[in-house]
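Summary of the model geometry
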Amino acid sequence: MTPAPLDVLGALLDHTRAHRLPPPAALVGDWWGADAVIAPSIDLVAGHRPPPVSDRFWFGYIGFPHYSAARAGTGEDDATGNPTTGGLNTGGTGTGDDGLPAIAGGETDAVLLLHDGRWEYRSIDRSPCPTWISACLTTAAHLGPPRPPRVSWHAPQRQPHLAAVESCLAAIRAGEVYQACVCTRFTGRIDGCTADFYRLLAAATTPAKSAFLQGDWGSVASFSPETFLRRADGAVISAPIKGTIAASGDPATLASSVKDIAENVMIVDLVRNDLGRVADIGSVTVPALLRTSPAPGVWHLVSTVRADVGSHVSTTDLLEATFPPASVTGTPKLRALSLLADWEQHSRGVYCGAIGMCGPGGDLDLNVAIRTVAVTPDGEAVLGVGGGITIDSDPAREWQECLDKAASIVSAFPHDDTGRSHPTR
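A brief report on the enclosed structure follows. The structure displayed is predicted, hence computed values, not measured ones.

1. So, the overall build of the chain
- Across its full length, the chain holds ten helices and 21 strands.
- Computed over its C-alpha atoms, the radius of gyration of the chain comes to 20 Å, within 12% of the 22 Å expected for a compact globule of 425 residues.
- Principal axes of the C-alpha set define a box for the chain whose edges measure 65 × 60 × 40 Å.
- Classification of the 425 residues of the chain by burial places 57% in the buried group.
- At a minimum sequence separation of 6, the contacts of the chain that also span at least 24 residues come to 72%.
- Carbon and sulfur atoms make up 51% of the accessible area of the chain, which amounts to about 16,500 Å² in all.
- Charge separation in the chain, taken as the distance between the mean sites of 32 positive and 45 negative side-chain charges, equals 2 Å.

Here is the structure:
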C-alpha cells in the first residue's frame, strides 16, 4: 500500500525529532508535476533566498515586501504604471508583524516525489534511498492519526477593514489605482504540534498547493489554492485567482459577475505585463480565462497565463520581474503597494508572499501564500485574509469575503467538552 503524503510527512517528522535532524519540508498537492514533493530533512534558515541557478533542491518562502523595501531600487514606473524592476527585496532577515523572518529557505541534495501512486527517491548524485527514509515510508503506511492541537482564533476588527476598503474606493474614483487587494488578519494560538495542525487540516480540505515548512524561526502551514509561478521546459505558467463567493453560493453567479470578471481580467493583464518583462517576445498567452474552480470554503475565478522564458533568465530575474504576486497587489502595481502600506494596519509577513521550491537547472514551483498560517516558536499564529477591490465593490460584501476565505481554517478545530480541539471534515 502506498502511504499518503501527509502520513509520510508524519513518519519523517518522528524520525528527525528522535535523531535530532533538521525536520522535513513538504509540498502536497499539485507540485512540480507530482502529487507531493518532500525534503526528508532540510535545514531552513532565515534569509536564505532561492538561488539564481542551482544543481540542488531549494525549499522555502519569500514574504510579502514592506513597501519601503519593495520600492528600493525599483526606479520609476513604466508606461503601464508598474515598477521598472521587481520588488524582490523584502528586507533580508528582518522580522515581520507575524513574528517570522522575511525570507527563509534551504537546500538539499534529495527529495521524495509521489508520481502516479508511487514514491520515488530522487538525488542529485543518483545515490540510492537511505535506509532510514525507506523505513519511514514503511512506517507511514501504518501511522495513526495525529493528535489534534488546541487552536483558538480572534477575528480582526470589522471597522478598520471597512475603512480601508472605503479608502481604496476613493483612490479608484480619483484615478490613482484601478484595483487593489486590501487585507486584514486573524490572530490566534496553536497549542500543540504545528505539523499535526497542518496534517489534519490539509487532509480535511485537500487544497491544491499546500505546504509545510519549519525551522528554529517557527512554522508555516499553507493551504493555498493558487499557483504563482511554475517554470519547466522553457515555459512559465501563472494561474491568478480573482473573484470569490462562498462554497454555498451558485458558481454560475460568480461566472456572470461583472465585478469579479473585471477584477480577474485586470490582474491577468498585470501578470501578462510582469511576465512580459523577461519572456521571449510574442510568447505571452492566456490559455485559460475565467474558469470557475472550487477551493476549500469558496468558489474562485481562475485564469492561466503562459510565457516562454529563455535559459538566460535566472530565477532571480524571474522573481524580480513578477514578485510580489499580481493577484495580491493591484493595478498599477507600484502605486497599489504604496497605498496598501497606508491602508493596512499590519505588514503581511509570509502572507501574500510565495512558498515552494526550486529544482536543478532553474525549475521553479511557487504558490501564492494565501490561506497560510504563520506560527512563531511559542505558538502565536497569524492568518491573513483579503480581497480585490474594484469600483463595483461593496465594503460589507468584501468583509464577508474575508470571513468566507478564513472559514475553512478558523472553524476547523472546534473545542469539545474536554477543551480539546478536533478537525472538522
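2. Focus: helix α7 (residues 258-276)
- End to end, α7 covers 27 Å across 19 residues, agreeing with the expected 27 Å (1.5 Å per residue, within 8%).
- When we look at burial in α7, the residues that qualify are Lys259, Asp260, Glu263, Asn264, Ile267, Val268, Leu270, Val271, Asp274 and Leu275. For α7, the arc enclosing every buried residue in end-on projection is 165°, short of the 170-degree limit, so these residues lie on one face.

3. Looking at the side chain of aspartate 365
- Structurally, aspartate 365 is set in strand β19 (residues 364-368).
- In this structure aspartate 365 comes out as buried when scored by relative accessible area, which is 0%.
- Here the side chain of aspartate 365 touches tryptophan 32 through a polar contact of 2.6 Å, landing on its backbone nitrogen.
- Excluding anything up to four places from it in sequence, aspartate 365 contacts Asp30, Trp31, Trp32, Lys209, Leu229, Arg230, Ile355, Gly356 and Met357.

4. Some points on the nonpolar core
- One finds Phe197, Tyr198, Phe223 and Val373 to be the most contacted residues of the largest nonpolar core, which totals 40 residues.
- In this structure valine 373 touches Trp153, Ile190, Phe197, Ser219, Val220, Ala221, Phe223, Ala381, Val382, Leu383 and Ile409, once residues within four positions along its chain are discounted.
- Among the nonpolar cores identified, the runner-up in size contains 36 residues, and Cys183, Val313, Ala321 and Phe323 belong to it.

5. Considering the pattern of salt bridges
- Applying the stated criterion across every chain yields a total of 20 salt bridges.
- One salt bridge connects arginine 230 with aspartate 30, and the closest N-O pair in it is separated by 3.0 Å. Note that arginine 230 is positioned in strand β12 (residues 227-232) and aspartate 30 in strand β1 (residues 25-31), a separation of 200 residues in sequence.
- According to the relative accessible area criterion, arginine 230 is partly exposed, its value standing at 24%.
- Salt bridges sharing partners connect three or more residues here, namely Asp30, Lys209, Arg230 and Asp365.

6. Focus: the pairing of strand β8 (residues 150-154)
- Alternating residues of β8 divide into Val151 and Trp153, all buried, and Arg150, Ser152 and His154, none buried.
- Pairing geometry for β8 and strand β9 (residues 179-191), over five bridges, is antiparallel. Paired with arginine 150 across the strands is aspartate 191, a residue of β9.

7. Details of the packing of helix α4 (residues 158-173) against helix α10 (residues 395-410)
- One can describe the packing of α4 onto α10 by two numbers: an axis separation of 9 Å at closest approach and a directional angle of 125°. On the basis of their axis angle, the class for α4 and α10 is oblique. When the axes of α4 and α10 are compared, the crossing they make is right-handed. Of α10, the residues touching α4 (which contributes Arg158, His161, Leu162, Val165, Glu166 and Leu169) are Pro395, Ala396, Glu398, Trp399 and Cys402.
- Across the contact of α4 with α10, the residue classes tally to seven nonpolar, one polar and three charged.

8. Section: the environment of valine 286
- Residue position: valine 286 is located in strand β15 (residues 285-295).
- Given a relative accessible area of 32%, valine 286 falls into the partly exposed group.
- The spacing of valine 286 and valine 328 is 42 residues in sequence and 19 Å in space, taken between C-alpha atoms.
- Excluding its chain neighbours within four sequence positions, the residues that come into contact with valine 286 are Val268, Arg272, Thr304 and Val305.

9. Some details on helix α3 (residues 131-140)
- Residues of α3 that are buried include every one of Ile133, Cys136, Leu137 and Ala140, and no others. Each buried residue of α3 lies within a common arc of 100° when the element is viewed along its axis, so the set occupies one face. Seen from the buried face of α3, the exposed residues on the opposite side, beyond 90 degrees, are Thr131 and Thr138.
- If you follow the buried residues of α3, they end up packed against α1 (5-18), β6 (110-115) and β7 (118-123).

Rules and cut-offs
For every chain, the first residue of its written sequence is number 1, and the numbers climb from 1 along that sequence. Per-residue local features of the predicted model are confined to residues with pLDDT of at least 70, and side-chain atom pairs are confined, for both listing and counting, to 80 or more; whole-chain, interface and lining totals are unaffected and use all residues. Only hydrogens and water are removed before side-chain values are computed, so all heavy atoms of the structure are retained for them. Numbering of helices and strands runs from the N terminus, with a helix taken as a DSSP run of H or I at least four residues long and a strand as a DSSP run of E at least two residues long. Radius of gyration: over C-alpha atoms. The globule rule applied is 2.2 Å multiplied by the number of residues raised to the 0.38 power. Residue burial is assigned from relative accessible area. The probe radius is 1.4 Å, only protein chains are included, and a residue is buried under 20% of its type maximum, exposed over 50%, and partly exposed in between. Contacts: residue pairs with any heavy atoms within 4.5 Å of one another. We get accessible surface area from the Shrake-Rupley algorithm with a probe of 1.4 Å; when it comes to residues, only the shown protein chains can shield them. We score Asp and Glu as negative and Lys and Arg as positive, and we do not count His or the chain ends. A charged residue contributes its charge at one atom only: NZ of Lys, CZ of Arg, CG of Asp or CD of Glu. In this analysis, the expected span of each helix is defined as 1.5 Å times one less than the number of residues it contains. The arc in question is traced by the directions running from the helix axis to the C-beta atoms. Polar contact is the term for a pair of N or O atoms within 3.5 Å; when the atoms are in protein, one must be able to donate a hydrogen and the other to accept it, and sequence-neighboring residues count only if both atoms are side-chain atoms. Side-chain atoms within 4.5 Å link the members of a nonpolar core, which is a set of buried Ala, Val, Leu, Ile, Met, Phe, Trp, Tyr and Cys residues. Should a side-chain nitrogen of Lys or Arg be within 4 Å of a carboxyl oxygen of Asp or Glu, the pair is scored as a salt bridge. Strand pairing is assigned whenever DSSP detects at least two bridges linking the two strands. All axes are obtained by fitting lines to C-alpha atoms, using only the stretch in contact for helices, and the reported angles, taken between N-to-C directions, cover 0 to 180 degrees. We call two directions roughly parallel when the angle between them is under 35 degrees, roughly antiparallel when it is over 145, roughly perpendicular when it lies between 65 and 115, and oblique otherwise. Crossing handedness: left-handed means the near helix sits turned counterclockwise from the far one by under a right angle, and right-handed means the same turn made clockwise. Residue classes follow a fixed rule: Ala, Val, Leu, Ile, Met, Phe, Trp, Tyr, Cys and Pro count as nonpolar, while Asp, Glu, Lys and Arg count as charged, and any other residue, Gly among them, counts as polar.

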